[in-house]
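Reading the structure
Read off the chains here:
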Amino acid sequence: AQTVTQSQPEMSVQEAETVTLSCTYDTSESDYYLFWYKQPPSRQMILVIRQEAYKQQNATENRFSVNFQKAAKSFSLKISDSQLGDAAMYFCAYRTGDNYKLTFGKGTLLTVNP
Amino acid sequence: ETGVTQTPRHLVMGMTNKKSLKCEQHLGHNAMYWYKQSAKKPLELMFVYNFKEQTENNSVPSRFSPECPNSSHLFLHLHTLQPEDSALYLCASSQAGTGTYEQYFGPGTRLTVT
């Protein structure tokens, strides 16, 4: 069974600094997708960034980028120039290529200090 | 209304009550999901509906009864719940099939069972 592990229950960062959230996953599949979702306090969960396993290039969305290490089964999220609005719970998620079920990690609570 | 909406946002019910949670998506998707989010635990997928047909039941107790009358609406009927069922219940939708189809989440219903 696929599992997703987020080893950092909580992280904090100073405003304007950079922070990296860790995620590892376990799978025997070769075709899969990885996602980072953000859940602000009392607000809806939204997709931050996605990565297709067949793509070697790391995905980037503005201040958010990933470090995808396929051999190590690692998928970390880097947030640059952190802003107060980045404070949220961040979930790493995985799905196989032929199944739309998402498997989530337990989440990392990110605090941004002014 | 846009995106995925859920009503009610908060619900307190006794163990002998019967209530229903409602989810509606305005995105033209054809897959809908119910998740349970408890503190300190990963999101748990409960049910998946694909083109109104239930394709996944993740060993959910029968006191939770889903209903999907069409691709835009999803209900979760609740009866004789237990205190451990208190959680945030999230609805999501996506395009069905393979590919990087992201799931869009609703704001959730915060359920408290007394």
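For the structure itself, look to the data block above.
Residues numbered from 1 in each chain as written. Chains lettered and ligands numbered in written order. Predicted model: local features only at pLDDT ≥ 70, side-chain atom pairs only at ≥ 80, totals over all residues. Heavy atoms only, no water.

**A few points about the interface of chain B and chain A**
Contact residues are listed per partner, giving 27 residues for chain B and 19 residues for chain A. For the pair chain B and chain A, the summed buried area comes to about 1900 Å², and 53% of that belongs to carbon and sulfur atoms. The residue E56 of chain B makes a salt bridge to K101 of chain A at a minimum N-O spacing of 3.1 Å. Summed over the shared surface of chain B and chain A, the number is 6 residue pairs in polar contact (both at pLDDT 80 or more). The set of elements that each furnish at least two residues to the side of chain B that touches chain A consists of strand 4 (31–37), strand 5 (44–50), strand 6 (53–57) and strand 9 (87–94) of chain B. A class-by-class count of the residues in the side of chain B that touches chain A yields 12 nonpolar, 10 polar and 5 charged. (Contact = heavy atoms within 4.5 Å. Buried area = accessible area lost by both parts, 1.4 Å probe. Salt bridge = Lys/Arg side-chain N within 4 Å of Asp/Glu carboxyl O. Polar contact = N/O pair within 3.5 Å; in protein donor to acceptor, adjacent residues only side chain to side chain. Helix = DSSP H or I, 4+ residues; strand = E, 2+ residues; numbered from the N terminus. Nonpolar A, V, L, I, M, F, W, Y, C, P; charged D, E, K, R; others polar.)

**Description of the nonpolar core**
With 25 residues, the main nonpolar core has Y25, W36, F75, L77 and Y90 of chain A as its most contacted residues. Among the elements of the structure, strand 3 (19–21), strand 5 (32–39), strand 6 (46–52), strand 8 (64–69), strand 9 (74–79), strand 10 (88–96) and strand 12 (108–113) of chain A are those that each provide at least two residues to this core. Ranked by the residues each element gives to this core, the list is headed by strand 10 of chain A, at 4 residues. Judged by nonpolar contacts, the second largest core, of 22 residues, contains L11, L78, L111 and V113 of chain B. (Core = buried A, V, L, I, M, F, W, Y, C linked by side-chain atoms within 4.5 Å. Buried < 20%, exposed > 50% of the residue type's maximum accessible area, 1.4 Å probe, protein only.)

**A word on the pairing of strand 7 (residues 64–70) of chain B**
One face of the sheet, then the other: side chains in a regular strand alternate in exactly this way. Residues and elements named next belong to chain B. Inspection of the sheet shows strand 7 paired to strand 8 (residues 73–79) by 5 bridges, in the antiparallel sense. What sits directly across from N70, in strand 8, is H73. In textbook terms, the turn of a hairpin is the stretch between consecutive antiparallel strands, and for strand 7 and strand 8 this stretch comprises 2 residues. (Pairing = 2+ DSSP bridges.)

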